[in-house]
Structure formats: C-alpha cells, structure tokens
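Close look at the chain arrangement
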Amino acid sequence: LGQYYTLIWSDPAGAGSGPVDVVFQYQQGATASRVKRMTKAFPAGDATGIAEFAVIGEDYFKNGKVLAWKATVSRGGRELASKRSYLWQ
C-alpha cells in the first residue's frame, strides 16, 4: 500500500545543455510541516523522461498519506517547469 506519482517531462530544445533533475517534495499527515524530498537525475543528452516516485512501506504506514506535494523539473540549474497540489504552501 502507498501512493505513487509518475512525472513525464519533455525538453527537446534543451537536450545536451545540462543534466535534468526532477525533484518531488511532499508533506505527510503525521509529519506536520516537515517537507520531504525525492530526486531523480537524467543525463544531459536526454530530451524526455519519466520519473516515478513512491511513498510506500514503513514511510507510508508510519507517517501517513501525502497531503501536499510539489514537483519541479530543472536542467542545468534552470527551472523548466513546476506543478504543485492545491494544499502546497
């Protein structure tokens, strides 16, 4: 049991200009305002990719459901896109 998030990104114009980092930040029910983060890295030559994140197992059972989240895609330190849940502050 748990929660799963799949992020699909595309940046064909920027391929080769730097590595891509996909960052998933989230807050859970039992951790109050503590922000946790997961990161997936892609090589500079990638123009598209799929990043999968899972809040499962002990983390899910001990800390509860994800209440708010934010996902950010950046290439070479420059933010390309960002999306967040309604409750993210």
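Residues numbered from 1 in each chain as written. Predicted model: local features only at pLDDT ≥ 70, side-chain atom pairs only at ≥ 80, totals over all residues. Heavy atoms only, no water.

1. Description of the pairing of strand β6 (residues 78-84)
In terms of strand pairing, strand β5 (residues 66-75) meets β6 through six bridges, oriented antiparallel. Across the sheet, R75 pairs through a bridge with R78, a residue of β6. Between β5 and β6, which pair antiparallel and follow one another directly, the connecting turn spans two residues, one of which, G76, has a positive phi of 60°. (Pairing = 2+ DSSP bridges. Helix = DSSP H or I, 4+ residues; strand = E, 2+ residues; numbered from the N terminus.)

2. Considering the packing of aromatic side chains
Within this structure, the stated rule accounts for seven aromatic pairs. With 4.7 Å between their ring centres and 35° between their planes, Y5 and F24 make a pair best called tilted. One end of the pair, Y5, is in strand β1 (residues 2-10); the other, F24, is in strand β2 (residues 20-28), and 19 residues separate them in sequence. On the accessibility criterion, F24 (1% relative accessible area) is buried. Through a chain of ring-to-ring contacts, the aromatic side chains of Y5, F24, Y26, F53 and W69 assemble into a single cluster. Against the face of F53 rests K40, its NZ or CZ located 5.8 Å from the ring centre. (Phe/Tyr/Trp six-rings, centres within 6.5 Å; stacked < 30°, edge-to-face > 60°. Buried < 20%, exposed > 50% of the residue type's maximum accessible area, 1.4 Å probe, protein only. Lys NZ or Arg CZ within 6 Å of the ring centre and 35° of its normal.)

3. Side note on the pairing of strand β4 (residues 48-56)
Residues G49, A51, F53 and V55 line the buried face of β4, whereas the alternating positions T48, I50, E52, A54 and I56 sit on a face that is not buried. One ladder, built from nine bridges, connects β1 with β4; its direction is antiparallel. Counted as the bridge partner of W9 is G49 from β4.

4. Comments concerning the pattern of salt bridges
Per the counting criterion, the structure on display carries two salt bridges. We note a salt bridge from D11 to R75, for which the minimum N-O separation is 2.7 Å. Linking D11 in the loop between β1 and β2 with R75 in strand β5, this pair joins segments that are 64 residues apart in sequence. The shortest N-O distance in the salt bridge between K36 and D59 comes to 2.6 Å. Of the two residues, K36 sits in strand β3 (residues 36-42) while D59 sits in helix α1 (residues 57-63), which places them 23 residues apart along the sequence. Residue K36 is classed as buried on the basis of its relative accessible area, which comes to 13%. (Salt bridge = Lys/Arg side-chain N within 4 Å of Asp/Glu carboxyl O.)

Function-wise, these values are silent; they only describe arrangement.
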